[in-house]
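Residues per chain are reported as follows:
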Amino acid sequence: MTGISKSFPGIRALSEVDLDVAAGEVHAVVGENGAGKSTLMKVLAGVYQPDEGTIELEGAAVRLADPIEARRRGIGMVYQELNLVPDLTVAENILLGSTPSRLGIVDRRALREQARAVLDELDARIHTDDLVGSLTVSQQQIVEIAKVYAARPKIVVLDEPTSSLSEHETQALFRIIGRMTDAGIAVIYISHRLREVLDISQRVTVLRDGRLVETRSTSGISAAEMIRLMVGRDLTEVFPKTEVEIGDVVLDVRGLTRSGEFDDISLTVRSGEILGLAGLVGAGRTEVARAIFGLDDADAGTIEVDGTAVRIRGPRDAVRAGIAYVPEDRKRDGIVPQLSIKDNISLSVLDRVSVGGWIRPGAERALARQKAEELSVSPPAIAPRIDTLSGGNQQKVVFAKWLATGPRVLILDEPTRGVDVGAKADIHTIIGELAAQGTAIILISSELPEVLAVSDRIVVLHEGRIAAELPRGAAEHEVMHAATGEVSS
Ligand code: ADP
Ligand code: MG
């Protein structure tokens, strides 16, 4: 790809970007959210036509008029969002579009055998007859890769494949990538996890603001240097912590229980304090957060805010009591994708910008603009639909929405998952500012370095119970011991 430029209304997503990848190579593409990585890949996949620039495959100029043409020429895309049919089997999904048939009848045995052969080539241990809807996300992702691989591609693009994978699952994915490069496939690998990029790629290309910063051999670059190239400035700390004076108890939870999910959870959070809620996936962290916010009913327990007992029967009660919750799955709970950035921000504060039921458009716009500016949402416009923003910027809008309510207690569930280093630092600066204003904060994060860096205190859950409470400065292995149930309080 040479000199690729692509503009959308009001934004130049790519400016004269070059990228090449060789057979059998893994070429990583990194950059902050919004740097243009996905757009470049969609140009390669025939989804977008470039405004300028040329694409050559094996030395010959090609025009990739649409995704079908790109696929026909051997370009396989594994998108961030999976494109499988849940009600079909693994085999049917893998061979979708090229199902073997005899006299118009699907040849089920051939179907199964061909799918099995593809999975075996990738060393993937998944049953061909299982319904895709019954698989875990990581297994579905492997099916998606197998589907792309079954079409015998020359190039495979993986756009942030590991953002929802565990360490173990990531290793399985890496083995599959190894199989593909052994077969001479050129792999383009997009990821925010820089350590993975160092492990798996031979070259790395850094994009910033739609421009090519540099393409380098991976052996000659460190994670710190990649970050510097990505953000154009030195990030000394990925998780900046604002030092804040800690005050009185704001949130006091006692004996909170929801049968089957968590049991006898008692915790306090003080004004200005960040309480880290650590634990393995399934330990009950999100379930506790949901109950405090009234999304699920607790069977027992009491909640006090600023010394006053509150009864929380639903999110409305929680918001009235000064509790805000930024959920993990922003796509499902955090934003309304069809609405503009402005509408998303003002949704939670309608009564502040309305008079007698009428929304005052001026006030609404001013509030949205102020919040977007405070959070340096990029691009700085509030009229576009929120789903045109990158993940990190969508997350900032979710923050803006809740900040507008001025909460006493703010519960953040995986606030930086799938967010690049620059936006991560921005989000932590915002969290620090909120703490400085006296908000009591509960931070749920699966990234232990993040919890350790920013929490004043850490409560560790194990199988729905509090396994340990650790002070600031606790070591990673202490948290892990408690989280795996090796110690109890
Ligand atoms: P990345 O994948 O590096 O996070 P993207 O390629 O998704 O970045 O986005 C690059 C820029 O182009 C962003 O500012 C984004 O908001 C914008 N953009 C991407 N797709 C569209 C689109 N379909 N319409 C308008 N703007 C878009
Ligand atoms: Mg992207």
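Everything below is about the structure printed above this text.
Owing to the predicted nature of the structure, the values given are computational and were not obtained by experimental measurement.

The rules behind the values
Residues numbered from 1 in each chain as written. Chains lettered and ligands numbered in written order. Predicted model: local features only at pLDDT ≥ 70, side-chain atom pairs only at ≥ 80, totals over all residues. Heavy atoms only, no water. Helix = DSSP H or I, 4+ residues; strand = E, 2+ residues; numbered from the N terminus. Contact = heavy atoms within 4.5 Å. Phe/Tyr/Trp six-rings, centres within 6.5 Å; stacked < 30°, edge-to-face > 60°. Buried < 20%, exposed > 50% of the residue type's maximum accessible area, 1.4 Å probe, protein only. Near = heavy atom within 4 Å. Polar contact = N/O pair within 3.5 Å; in protein donor to acceptor, adjacent residues only side chain to side chain. Areas by Shrake-Rupley, 256 points an atom, 1.4 Å probe, with all protein chains shown as cover. Nonpolar A, V, L, I, M, F, W, Y, C, P; charged D, E, K, R; others polar.

(A) The arrangement of the environment of Val-17 in detail. If you trace the backbone, Val-17 turns up in strand 2 (residues 11-17). Discounting residues that sit within four places of it in the chain, Val-17 has contacts with Met-1, Thr-2, Gly-3, Ile-4, Leu-40, Leu-207, Gly-210, Arg-211 and Leu-212.

(B) How the structure looks around the packing of aromatic side chains. A complete count under the given rule lists three aromatic pairs for this structure. Ring centres of Phe-8 and Tyr-48 lie 5.1 Å apart, and the angle between their planes is 70 degrees; this geometry places the pair in the edge-to-face category. Remark: Tyr-48 occurs in the loop between helix 1 (37-44) and strand 4 (52-57) and Phe-8 occurs in strand 1 (residues 2-8); sequence separation between them is 40 residues. When its relative accessible area of 26% is taken as the criterion, Phe-8 is described as partly exposed. Look at Tyr-48 and you get partly exposed, because its relative accessible area is 25%.

(C) Examining the site of ligand 1 more closely. Surrounding ligand 1, one finds 13 residues, the nearest of these being Gly-34, Lys-37, Ser-38, Thr-39 and Thr-388. Between Lys-37 and ligand 1, the recorded distance is 2.8 Å, taken from a side-chain N or O atom to an oxygen atom. Ser-38 places a main-chain nitrogen or oxygen 2.9 Å from an oxygen atom of ligand 1. When isolated, ligand 1 has an accessible area of 560 Å², and the protein chains bury 79% of it. The set of elements that each furnish at least two residues to the shell around ligand 1 consists of strand 2 and helix 1. Considering every element that reaches the shell around ligand 1, the biggest residue donor is helix 1, with three residues. Here the shell around ligand 1 is composed, by residue class, of five nonpolar, six polar and two charged.

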